[in-house]
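Each chain, letter by letter, is given below.
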Amino acid sequence: MAANEYQVTGMTCGHCEMSVREEVSEVPGVEDIQVSAQTGKLVVSGSGEIDDAKVLAAVEEAGYTAVRA
């Protein structure tokens, strides 16, 4: 299982985590999402390649910014 890690800026609470999780879950190939507002860490896992651009766009759609860690 491939895992990509990102640093998300702007999350402050559980609702923020839920918003990011909701948007990122729509990215093709994503099977597992771990997100923490406390650390700003987002780990996206899937069985195949996960498109970084689509994950970053999904985070932006949720209202936050992210970079690959």
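Our structure's up above, just so we're on the same page.
From a predicted model like this one, the values you see are computed outputs, not experimental measurements.

Scoring rules and cut-offs
Residues numbered from 1 in each chain as written. Predicted model: local features only at pLDDT ≥ 70, side-chain atom pairs only at ≥ 80, totals over all residues. Heavy atoms only, no water. Core = buried A, V, L, I, M, F, W, Y, C linked by side-chain atoms within 4.5 Å. Buried < 20%, exposed > 50% of the residue type's maximum accessible area, 1.4 Å probe, protein only. Helix = DSSP H or I, 4+ residues; strand = E, 2+ residues; numbered from the N terminus. Contact = heavy atoms within 4.5 Å. Phe/Tyr/Trp six-rings, centres within 6.5 Å; stacked < 30°, edge-to-face > 60°. Lys NZ or Arg CZ within 6 Å of the ring centre and 35° of its normal. Pairing = 2+ DSSP bridges. Axes fitted to C-alpha atoms, helices over the stretch in contact; angles between N-to-C directions. Patch = residues over 30% accessible without salt bridge, like charges linked within 9 Å, V, L, I, M, F, W, Y side chains within 5 Å. Areas by Shrake-Rupley, 256 points an atom, 1.4 Å probe, with all protein chains shown as cover. Salt bridge = Lys/Arg side-chain N within 4 Å of Asp/Glu carboxyl O. Lys, Arg positive; Asp, Glu negative; His and termini not counted. Charge placed at Lys NZ, Arg CZ, Asp CG, Glu CD.

Q: So what exactly am I meant to see when it comes to the nonpolar core here?
A: Nonpolar side chains in soluble globular proteins tend to be buried together. By size, the foremost hydrophobic cluster in this structure holds 20 residues, and its most contacted members are Val20, Val24 and Leu42. Going through the elements one at a time, β1 (2-9), α1 (14-24), β2 (32-36), β3 (41-46) and α2 (52-61) are the ones with two or more residues in this core. Those residues within four positions of Leu42 in sequence are excluded, and the remaining contacts are Asn4, Glu5, Tyr6, Val8, Val20, Val24, Ile33, Gln34, Val35, Val55 and Val59.

Q: What is the right way to read the packing of aromatic side chains from this model?
A: Each aromatic ring pair is characterised by the separation of its centres together with the angle its planes make. If you walk through the whole model with that rule in mind, you get zero aromatic pairs. One Lys or Arg, Arg68, reaches over the ring of Tyr6 and ends 5.8 Å from the middle of that ring.

Q: Where do I start with the sheet that holds β2 in this structure?
A: Hydrogen bonds between backbone groups are what pair the strands of a sheet, and the pairing can be parallel or antiparallel. Pairing is antiparallel in the open sheet, where four strands are placed in the order β2-β3-β1-β4. Since the sheet does not close on itself, it has two edges, and those belong to β2 and β4 (65-68), each with one partner. Pairwise comparison of adjacent strand axes, ignoring direction, gives a mean angle of 25° for this sheet. As judged from the four bridges shared by β1 and β4, these two strands associate in the antiparallel manner. Residue Tyr6 lies in a different strand from β4, and its bridge partner there is Arg68. Of the strands in this sheet, β2 and β3 touch α1, which is tilted by about 155° from β2.

Q: Before we go on, may I ask you to explain a negative patch on the surface in this structure?
A: On the surface, a cluster of negative charge is made up of Glu22, Glu26, Glu60 and Glu61. With respect to the secondary-structure elements, Glu61 resides in helix α2. Taking the relative accessible area as the measure of exposure, Glu61 reaches 59% and is therefore exposed.

Q: What is the right way to read the pairing of β1 from this model?
A: Moving residue by residue along a regular strand, the side chains alternate between the two faces of the sheet. Pairing analysis gives six bridges linking β1 to β3, with the strands arranged antiparallel. Each residue of the ladder has a partner; that of Ala2, found in β3, is Gly46.

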